[in-house]
Amino acid sequence: MRISLILLSLLISCVQLCGQVLQIEYNGDPLSEEERGKIEKMFVHEAEFYSQFGLPDTLTIVHLYMFEKKEAAKIFLKSIGVTTWEKVAGLYVTAQNTIVVLGAENGRKRTLAIIYHELSHHFARHIIGVHIPNWFNEGLARYFQNSVITKKGVRHSLTDYEFGRIRSMYTLGEINLLEFINGLQDEFMIEEFTNEGYSYTLSHALVTFWIEELPGDMLKRFVYSLKDVDDSSAISERIDKIYSGGFKQFEKDFADFIHNDD
């Protein structure tokens, strides 16, 4: 019964970018007009960001399912063959271009941030593909999650807590950037759940450094190196090739970025 109601509560909004029509299809529990407006502004903002890496012609629609109650979300996920949802507030189902928000009990501001996060996964997976490193994929998503719509546009923040946390990890010798950059997905998630959000915090800081501190062409070169399926080199080796001074200089510049923040 719940699924039939979901399918009836459908609203589609379209935006146009570079001659391409992008669509959001709203399903599940309703969002207000103001909330949909913010989502669509962020949708355009993220689409414009990712367009520098090439938007595929097939990237036309994302299905958004927002559920007030987590149990309703679980029923829906089971209906589309998804059984992994523990410890997450939202997820992106790549094969179906579907974002699912698992319960909005923590407030709509938090819900919007989750949607912004999952929208990034939608773009990143379709543009960069499955070869995107987990830290880069989650760092990009966390970057947009920590952005807000203002009257002057989109404003991003890397919080004082995050700067402080990473500084402390450096002081304690807990950061091995080479291992983190080259790490596998399982290692990333184990560290995230056992070390108080370590992986997502460090990923967010790394992506912020890429986007806000380095020349724009540096990020583009890195993304295109990730899209090269014939390149089997480690991620650190790819950075070593494109970064002035190599990976060692990248490590130093990132550490300076973290320690020099006011």
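So, how was this worked out
Residues numbered from 1 in each chain as written. Predicted model: local features only at pLDDT ≥ 70, side-chain atom pairs only at ≥ 80, totals over all residues. Heavy atoms only, no water. Helix = DSSP H or I, 4+ residues; strand = E, 2+ residues; numbered from the N terminus. Rg over C-alpha atoms; globule rule 2.2 N^0.38 Å. Buried < 20%, exposed > 50% of the residue type's maximum accessible area, 1.4 Å probe, protein only. Contact = heavy atoms within 4.5 Å. Areas by Shrake-Rupley, 256 points an atom, 1.4 Å probe, with all protein chains shown as cover. Lys, Arg positive; Asp, Glu negative; His and termini not counted. Charge placed at Lys NZ, Arg CZ, Asp CG, Glu CD. Expected span 1.5 Å × (residues − 1). Polar contact = N/O pair within 3.5 Å; in protein donor to acceptor, adjacent residues only side chain to side chain. Salt bridge = Lys/Arg side-chain N within 4 Å of Asp/Glu carboxyl O. Phe/Tyr/Trp six-rings, centres within 6.5 Å; stacked < 30°, edge-to-face > 60°. pLDDT = per-residue confidence, 0-100. Core = buried A, V, L, I, M, F, W, Y, C linked by side-chain atoms within 4.5 Å. 1 Å grid on protein atoms, 1.4 Å probe; cavity = no way out; pocket = protein on both sides within 12 Å on 5 of 7 lines; lining within 4 Å. Points joined across faces, edges and corners; volume = space filled by probe spheres on them. Nonpolar A, V, L, I, M, F, W, Y, C, P; charged D, E, K, R; others polar.

A. Representation of the overall build of the protein chain within the structure. Within the protein chain, the regular secondary structure consists of 12 helices and 7 strands. Relative to a compact globule of 262 residues, whose C-alpha radius of gyration would be 18 Å, the protein chain shows 19 Å and is just as compact. Considered along the principal axes of its C-alpha atoms, the protein chain spans approximately 55 × 40 × 40 Å. A burial count over the protein chain gives 51% of its 262 residues as buried. Long-range pairs, those at least 24 residues apart, make up 67% of the contacts in the protein chain with a sequence separation of at least 6. As presented, the protein chain carries roughly 13,000 Å² of accessible surface, and 51% of it is formed by carbon and sulfur atoms. Averaging the positions of the 26 positive and the 37 negative side-chain charges in the protein chain gives two centres separated by 5 Å.

B. Structural detail: helix 9 (residues 198-213). Taking 1.5 Å of rise per residue, the 16 residues of helix 9 would be expected to cover 22 Å, and the 22 Å separating its terminal C-alpha atoms lies within 8% of that figure. Within helix 9, 13 of the 16 residues are buried, leaving the element largely enclosed by the surrounding structure.

C. Geometry of the side chain of H156. Among the secondary structure elements, H156 is positioned in strand 7 (residues 153-156). At a separation of 2.8 Å, a polar atom in the side chain of H156 contacts the side chain of H204. Among the polar contacts made by the side chain of H156, one reaches the side chain of E212 at a distance of 2.8 Å. Beyond its immediate sequence surroundings of up to four residues, H156 is in contact with Y143, N146, S147, H204, T208 and E212.

D. Seen up close, the environment of K74. Tracing the chain through its elements places K74 in helix 3 (residues 70-79). According to the relative accessible area criterion, K74 is buried, its value standing at 19%. A C-alpha to C-alpha distance of 35 Å links K74 and D160, two positions 86 residues apart in sequence.

E. Expanded view of the pattern of salt bridges. A full pass over the atoms with the stated rule returns 5 salt bridges. When the shortest N-O distance is used, the salt bridge between E71 and K74 registers 3.6 Å. Taken as a pair, E71 and K74 lie in helix 3 at a separation of 3 residues, close to a single helical turn. Where K241 meets D231, a salt bridge forms, and the shortest distance between an N and an O atom there is 3.8 Å. Of the two residues, K241 is situated in helix 11 (residues 235-242) and D231 in the loop between helix 10 (216-227) and helix 11; the sequence distance between them amounts to 10 residues. Look at K241 and you get exposed, because its relative accessible area is 56%. The exposure class assigned to D231 is buried, which follows from its relative accessible area of 18%.

F. Structural detail: the packing of aromatic side chains. This structure, assessed with the given rule, holds 26 aromatic pairs. Arranged with centres 6.1 Å apart and planes meeting at 25°, the rings of W135 and F222 form a pair that is stacked. You can see W135 sitting in helix 5 (residues 134-145) and its partner F222 sitting in helix 10, a full 87 residues away along the chain. One exposure class covers both W135 and F222, and it is buried. Every member of this aromatic cluster is reached through a ring pair, and the members are W135, F136, F163, F209, W210, F222, Y243, F247, F250, F254 and F257.

G. Broad picture of the confidence of the model for the protein chain. Mean pLDDT for the protein chain: 87, with 90% of residues reaching 70 or above. Note that residues 1-9 has pLDDT below 50 and, in this model, 15 contacts with residues that lie over four places away or in other chains.

H. Focus on the nonpolar core. Formed by 68 residues in total, the largest nonpolar core has its most connected members in W135, F136 and W210. In this structure F136 touches I128, V207, L219, F222, V223 and L226, once residues within four positions along its chain are discounted. With 11 residues, the next largest nonpolar core counts F67, L77, L91 and L102 among its residues.

I. Representation of the side chain of N27 within the structure. Mapped onto the secondary structure, N27 falls in strand 2 (residues 20-28). A polar atom in the side chain of N27 sits 3.1 Å from the side chain of E25.

J. Representation of the layout of surface pockets in the model. Approximately 850 Å³ is the volume attributed to the largest pocket. In terms of lining, the largest pocket is formed by 28 residues, of which the most central are V88, G90, E118, E138 and Y200. The biggest single contributor to the lining of the largest pocket is helix 4 (residues 108-127), with 6 residues. Of the residues assigned to the lining of the largest pocket, the class counts are 11 nonpolar, 9 polar and 8 charged.

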